[in-house]
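# Examination of the molecular architecture
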Amino acid sequence: MSNALDTALGATSASDVIGRDKDPYFGEDNPFEAMMARFDHAARLLALDPGIYRVLRQPEKQVIVSVPIQRDNGEIEVFTGYRVLHNTSRGPAKGGIRFDQRVTLDEVKALAAWMTWKCAVVNIPFGGAKGGVVCDPGTLTLHELERITRRYTACLIEIFGPESDIPAPDVNTNERVMAWIMDTYSMHRRHAVTAVVTGKPVEMGGSLGRREATGRGCMIVTKEALKHLGLPVRGARVAVQGFGNVGSVAARLLEQEGLTVVAVSDVSGAIHNATGIRVDDALAWIREHRYLAGYPGAEPISSDELLTLDVDVLLPAAVENAITRKNAAQIRARVICEGANGPTTPGADEMLAAKGVFVVPDILANAGGVTVSYFEWVQDRAAYFWDEATVNERLTSILQRSFLDVLSVAQRHGVNMRIAAYMLAIERVAAVHRLRGLYA
Ligand code: NAD
């Protein structure tokens, strides 16, 4: 490490994350610290200029708003909303909005930075942002949810915009919420502005293929990983944690590519069938019974067992911190494809690397969603819409190229795919900072 960078690390709060006198993974469950641990590691290997390091370690803008709404019973309640823009040097900020009781500014900051790196890894011209409102959607009526969404949007009307900051769905927000944001923004601007959000309904400027894009991206990079390792794609066994948007689409597409899905799980538990679970059958069961539990075509196993099955590919597509120092030693998969954001802690990373597990990191593996969001924004701005085959073809080409870009950094620097992805992303953002210089 260069002395200058060492000083920069000491001068900022990096030492809180990876201080020499502390357990380096003290805060491994904290998403901000987990992200920063990887950022610091990659920055050191790049011998990143200390000035740029200081810039990238802080979000550009953090906005906290009060969101007052009238409940259906006439009472007025005030919710707290956040929007954080981490970095916009490469283009407008891009990132989802979550409605959840557990939303904190720290979490939103981490997720915003994550978006900067994700967009840079796949080389799309966006920076990173994230937003959230601290609320429990389960206790809100549809009208209350709409009022929160519209007021939150109005509070941030100067921040949002196709040229500045483009929200998308995240935890507990969906196409309907995006439609309300687009409508509110458009009413203020006095004309329809479809490109202000992505993840919209197709009828109002959404993109074909957006809903499946993240799962499709997981399928694409999983195949690339198997190919790289010289493992056959057909017949490779897969276990999928989480059977929602990402997990179920990835499972269905992997099955179509000839892999065998031997285990899947949702919040109700996990199921296993060594000869293969028919993904469409399992989805039909969920449509009728809501959860996987009780599915007759497989045996129930514990959620922990799913993660340690003897499979070729493990696809965590549910929650953060699924793979930690507690279970990493028992993982038997050859490839982990991170459909979820942050499913592996930094402590687990080292143990997996020592075992030779090939991890396709989240900022690459689940970047299919933001890539097709970019396509949606491009289509809205051109007012010219592509067919689904074109969307899928362009997504495939971007993800295959990005996989090879990351792999080449990994091989050149002798690092794992996660650190390589961070190095590639940080270098791309830093290059633009160097070219643009510092204004005033
Ligand atoms: P989702 O709500 O559609 O599905 C989540 C699934 O995980 C559900 O099947 C749920 O039952 C299951 N689940 C929840 N807790 C679980 C547990 N402890 N064990 C096993 N299963 C559990 O969500 P999603 O959109 O599929 O997102 C999943 C992950 O992927 C999240 O980390 C999200 O941030 C990330 N991600 C999603 C997108 C996207 O486009 N949807 C893009 C990038 C990243």
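Above this text sits the structure in question.
Residues numbered from 1 in each chain as written. Predicted model: local features only at pLDDT ≥ 70, side-chain atom pairs only at ≥ 80, totals over all residues. Heavy atoms only, no water.

## Re the site of the ligand
The test is simple: For this description, a residue counts as near a given molecule or strand if any of its non-hydrogen atoms is within 4 Å of it. We define a polar contact as two N or O atoms separated by no more than 3.5 Å, with the added condition that, inside protein, one atom must be a possible hydrogen donor and the other a possible acceptor, whereas residues neighbouring each other in sequence contribute only through side-chain atom pairs. Here the accessible surface of atoms and residues is derived via Shrake-Rupley with a 1.4 Å probe, and residues count as covered only by protein chains that are part of the display. For helices the rule is a DSSP run of H or I covering at least 4 residues; for strands it is a run of E covering at least 2, with both sets numbered from the N terminus onward. Gly counts as polar in this scheme, as do all residues outside two lists: the nonpolar Ala, Val, Leu, Ile, Met, Phe, Trp, Tyr, Cys and Pro, and the charged Asp, Glu, Lys and Arg.
Taken together, 18 residues are adjacent to the ligand, and Thr214, Phe243, Asn245, Val246 and Val267 come closest. Taking Asn341, its side chain carries an N or O atom lying 3.1 Å from an oxygen atom of the ligand. Relative to its free-state accessible area of 830 Å², the ligand is covered by the protein chains to the extent of 68%. Of all elements in the fold, only helix H8 (210-229), helix H9 (245-256) and strand E7 (260-266) reach the threshold of two or more residues within the shell around the ligand. Within the shell around the ligand, the residues separate by chemical class into 7 nonpolar, 9 polar and 2 charged.

## Considering the packing of aromatic side chains
To be explicit about the condition: Centres within 6.5 Å make a pair out of two Phe, Tyr or Trp rings, where for Trp the six-membered ring is used; the pair is then stacked when the planes are under 30 degrees apart, edge-to-face when over 60, and tilted otherwise. Under the scheme applied here, a residue whose accessible area is under 20% of the maximum for its type counts as buried, over 50% as exposed, and between as partly exposed, the area being computed with a 1.4 Å probe on protein chains only.
Per the counting criterion, the structure on display carries 10 aromatic pairs. Seen in terms of ring centroids, Phe126 and Trp377 are 4.9 Å apart; in terms of plane orientation they differ by 70 degrees. Their pairing is edge-to-face. Here Phe126, found in the loop between helix H5 (105-121) and strand E4 (127-134), pairs with Trp377, found in helix H14 (residues 368-382); they are 251 residues apart in sequence, far enough to count as distant. Each member of the pair Phe126 and Trp377 is classed as buried. Aromatic ring contacts, followed pair by pair, group Phe126, Tyr374, Phe375, Trp377 and Trp386 into a single cluster.

## Quick look at the side chain of Asp349
Structurally, the position occupied by Asp349 is in helix H12 (residues 346-355). Of note is the side chain of Asp349, whose polar atom sits 2.9 Å from the side chain of Arg38.

## Describing the nonpolar core
Cut-off, in case you're wondering: In these notes, a set of buried Ala, Val, Leu, Ile, Met, Phe, Trp, Tyr and Cys residues joined through side-chain atoms within 4.5 Å is what counts as a nonpolar core. Throughout, a residue-residue contact means that at least one pair of heavy atoms, one from each residue, lies within 4.5 Å.
Core analysis: the largest hydrophobic core is formed by 93 residues, its most contacted members being Trp117, Phe243, Val360 and Phe403. Top element by residues in this core is helix H16 (residues 417-436). It accounts for 11 residues. Apart from the residues lying within four places of it in its own chain, the contact partners of Trp117 are Met35, Phe39, Leu56, His86, Ile363, Tyr422, Ala425, Ile426 and Val429. Counting residues in each nonpolar core, the second largest holds 29 residues, with Phe79, Phe99, Ala129 and Val193 among its members.

## So, the packing of helix H6 (residues 142-155) against helix H7 (residues 175-189)
Rules: Note on geometry: axes are lines fitted to C-alpha atoms, helical ones only across the stretch in contact, with angles between N-to-C directions running from 0 to 180 degrees. With respect to orientation, any angle under 35 degrees is reported as roughly parallel, any angle over 145 as roughly antiparallel, any angle of 65 to 115 as roughly perpendicular, and every other angle as oblique. Crossings are assigned a handedness: left-handed for a near helix turned anticlockwise from the far helix by less than a right angle, right-handed for a clockwise turn.
In contact at an axis separation of 9 Å, H6 and H7 are set at 45 degrees when each is read in the N-to-C sense. Relative to H7, the element H6 lies oblique. Between H6 and H7 lies a crossing of right-handed hand. On H7, the residues touching Leu142, Leu145, Glu146, Thr149, Arg150, Thr153 and Ala154 of H6 are Arg176, Val177, Trp180, Ile181, Asp183, Thr184, Tyr185 and His188. Each residue belonging to the contact of H6 with H7 can be placed in one class, and the counts come to 7 nonpolar, 4 polar and 4 charged.

## Side note on the side chain of Arg57
The residue Arg57 is located in helix H4 (residues 50-57) in this model. Of note is the side chain of Arg57, whose polar atom sits 3.2 Å from the side chain of Asp40.

## Remarks on the pairing of E4
Filter applied, for reference: Two strands form a pair only when DSSP identifies at least two bridges running between them. The path from the first strand over the helix to the second decides the hand: if it runs clockwise while the strands point away from the viewer, the crossover is right-handed.
Across the 8 residues that make up E4, a large majority, 7, are buried. Two strands pair when backbone bridges link them, and strand E2 (residues 76-87) and E4 are joined in this way by 7 bridges, in the antiparallel orientation. By the bridge assignment for E4, Thr80 is matched with Val134. Sheet topology places strand E3 (residues 93-99) next to E4; 5 bridges connect them, and they run parallel. The residue bridging Ala93 from the neighbouring strand is Gly127, located in E4. Considered for its hand, the β-α-β crossover made up of E3, H5 and E4 is right-handed.

## With respect to the sheet that holds strand E10 (residues 313-316)
Read across the open sheet, the 7 strands follow the order E9-E8-E7-E6-E10-E11-E12; overall the sheet is mixed. A strand with exactly one partner marks an edge of an open sheet, and here the two such strands are strand E9 (299-301) and strand E12 (358-360). Taken pair by pair, the neighbouring strands of this sheet meet at an average axis angle of 20 degrees, ignoring direction. Two strands pair when backbone bridges link them, and strand E11 (residues 335-337) and E12 are joined in this way by 3 bridges, in the parallel orientation. When the sheet's bridge partners are listed, Cys337 is paired in E12 with Val360. Together, E10, E11 and E12 form the strand contacts of H8, whose direction differs from that of E11 by roughly 160 degrees. Contacts from H9 reach strand E6 (237-241), E7 and E10, with the element oriented near 170 degrees to E6.

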